[in-house]
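# Structural description and commentary
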Amino acid sequence: MHVHELLVVGSANADLVIGVERRPSAGETVLGSPLAVHPGGKGANQAVAAARLGARTALLARVGDDEHGRLLLASQRAAGVDVDGVLVGGAPTGVALITVDPSGDNSIVVSPGANALLSPADVRAAAPLVRGARVVSTQLEIPLDAVVETVRTLGAEGRFVLNPSPPAALPAEVLAACDPLVLNEHEARVLLGPSVSGEPRDWVLGLLSLGPRSVVVTLGSAGAIVADGRAEVCVRVDSPRVTAVDTTGAGDAFTAALAWRLGLGEDLAAAAGYAVRVGSAAVTRPGAQDSYPTPDQLPAA
Ligand code: RIB
C-alpha cells in the first residue's frame, strides 16, 4: 500500500488579499477593502484541498521560520496533511499579493521567498516520501530543477501530475512524465507559443505533441477538456453552475482532486468530472485554502 495517496511538491505562500472594484492598470492607484491574510501557495493549496476531500496527503515544501510559515503549517495540520516534509527556514515565507474584483477574478504577484530555496537536494533527501506516494503533483512556483529532480525520484508506479503555473519552458524529460499536464487557457497559450490559433479543443492536440501522456485544459466556469494521448480520446467535461465570489486557488483545488481521483483508478474524464465539482465549490467562498470543500459540500454533477 502507498503511504500517501497524494504527495504535493510545491510552494506555500501567505496570501495578502485586497478586494477592489476594479483591478488597477499600469500607473493607476485604486483603493480597496481591508487587508485579509490567508494561507495559500499553489502547492500548499493542493495539499489542503486533497486532504479535505479525504485523501491521505503529504506536502514537500519550504516555509520561513516566521508568522506566515506558522500560519501555513497550522492550515496544513488542520486539514490533516502530513507536514513531515515541510522544511523550515533559510528565507522568509513566500508571499502573494492578490487583488480580487467583484466578479471574483484575481491578479496575483508572488514573491517566492523560501519557495525559491526548495532544491534538488531537498527532493533527494525526501526520496522515501516521493517513492511512497501513489501520485506526485507539482507546479512551477518552486525552482524548475526541483521539479526535474522530483520526476527523477518517482517510484516505478508513481504517477506525475504537473500544473505549469506560472508557465515556463519545460524540459522534455518533465513533459514526458506528465500524466496529465493540467493547465488553464493562459498557460496553454504560453506553452503553445504566439502562433496558437483555434479553439481550446484544437490546442489539446498541440499540447499532446509536446510530449505529455495526457492533457487537461481547464476552462473556468465552462469546465475542462481532457485528452489521453494513448487512447486518442478528447472529452469535454461540464462544470456545475455556481455564483463565483473568489476564484483564487480554484485551479489548485481542481488539480488536487483530479490527481487524487486518478490515483484511485478513475479514468481521466471521470476524475475531471469530480474535480470540476471541487473547483466550482471553491469559487463560492473567499480565499484559497479557506474555500475548499469537504465531500458533503460538493455541488451535484
Ligand atoms: O493559485 C492560487 C495561489 O497562487 C495563491 O494562493 C497564491 O499564493 C499563488 O500561489
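Here's what I pulled together on the structure shown here. (Residues numbered from 1 in each chain as written. Predicted model: local features only at pLDDT ≥ 70, side-chain atom pairs only at ≥ 80, totals over all residues. Heavy atoms only, no water.)

Below, the discussion takes up the sheet that holds strand S5 (residues 86-88). With mixed pairing, the nine strands of this open sheet are ordered in space as S5-S4-S1-S8-S9-S10-S11-S12-S13. One side of each edge strand has no neighbouring strand; the edge strands of this open sheet are S5 and strand S13 (233-237). Taking each pair of neighbouring strands and ignoring which way they run, the sheet shows an average axis angle of 15 degrees. Taken together, the five bridges between strand S11 (residues 214-218) and strand S12 (residues 224-228) define a ladder with antiparallel strand orientation. What sits directly across from Ser 214, in S12, is Asp 228. Helix-sheet contacts for helix H2 (residues 67-79) involve strand S4 (57-63) and S5, and the interaxial angle to S4 is about 180 degrees. Strands in contact with helix H7 (residues 185-192) are strand S9 (159-163), strand S10 (178-184) and S11; relative to S10, the strand with the most contacts, it is inclined by about 110 degrees. (Pairing = 2+ DSSP bridges. Helix = DSSP H or I, 4+ residues; strand = E, 2+ residues; numbered from the N terminus. Axes fitted to C-alpha atoms, helices over the stretch in contact; angles between N-to-C directions. Contact = heavy atoms within 4.5 Å.)

Membership of the largest hydrophobic core comes to 49 residues, with the highest contact counts inside it found for Leu 59, Val 216, Phe 254 and Leu 258. If you list the elements that add at least two residues to this core, you get strand S1 (4-9), helix H1 (42-53), S4, H2, S12, helix H9 (250-263) and helix H10 (268-282). Excluding residues within four positions of it along the chain, Leu 258 makes contact with Pro 180, Val 182, Val 216, Leu 268, Ala 271, Ala 272 and Ala 275. Residues Leu 118, Leu 129, Val 148 and Val 174 belong to the second largest nonpolar core, which totals 38 residues. (Core = buried A, V, L, I, M, F, W, Y, C linked by side-chain atoms within 4.5 Å. Buried < 20%, exposed > 50% of the residue type's maximum accessible area, 1.4 Å probe, protein only.)

Here we take up the pattern of salt bridges. In this structure the tally under the stated criterion is twelve salt bridges. Here Lys 42 makes a salt bridge to Glu 141, at a shortest N to O gap of 3.9 Å. A residue pair is termed long-range when its members are at least 10 positions apart, and Lys 42 in helix H1 and Glu 141 in the loop between strand S8 (133-139) and helix H5 (144-153) qualify at 99 residues. Given the relative accessible area of 12%, Glu 141 is considered buried. One salt bridge in this structure joins Asp 179 and Arg 159, with 3.3 Å as the shortest N-O distance. In this pair, Asp 179 sits in strand S10 while Arg 159 sits in strand S9, placing the two residues 20 residues apart along the sequence. In this structure, a network of salt bridges that share partners links the residues Arg 159, Asp 179, Asp 228 and Arg 230. (Salt bridge = Lys/Arg side-chain N within 4 Å of Asp/Glu carboxyl O.)

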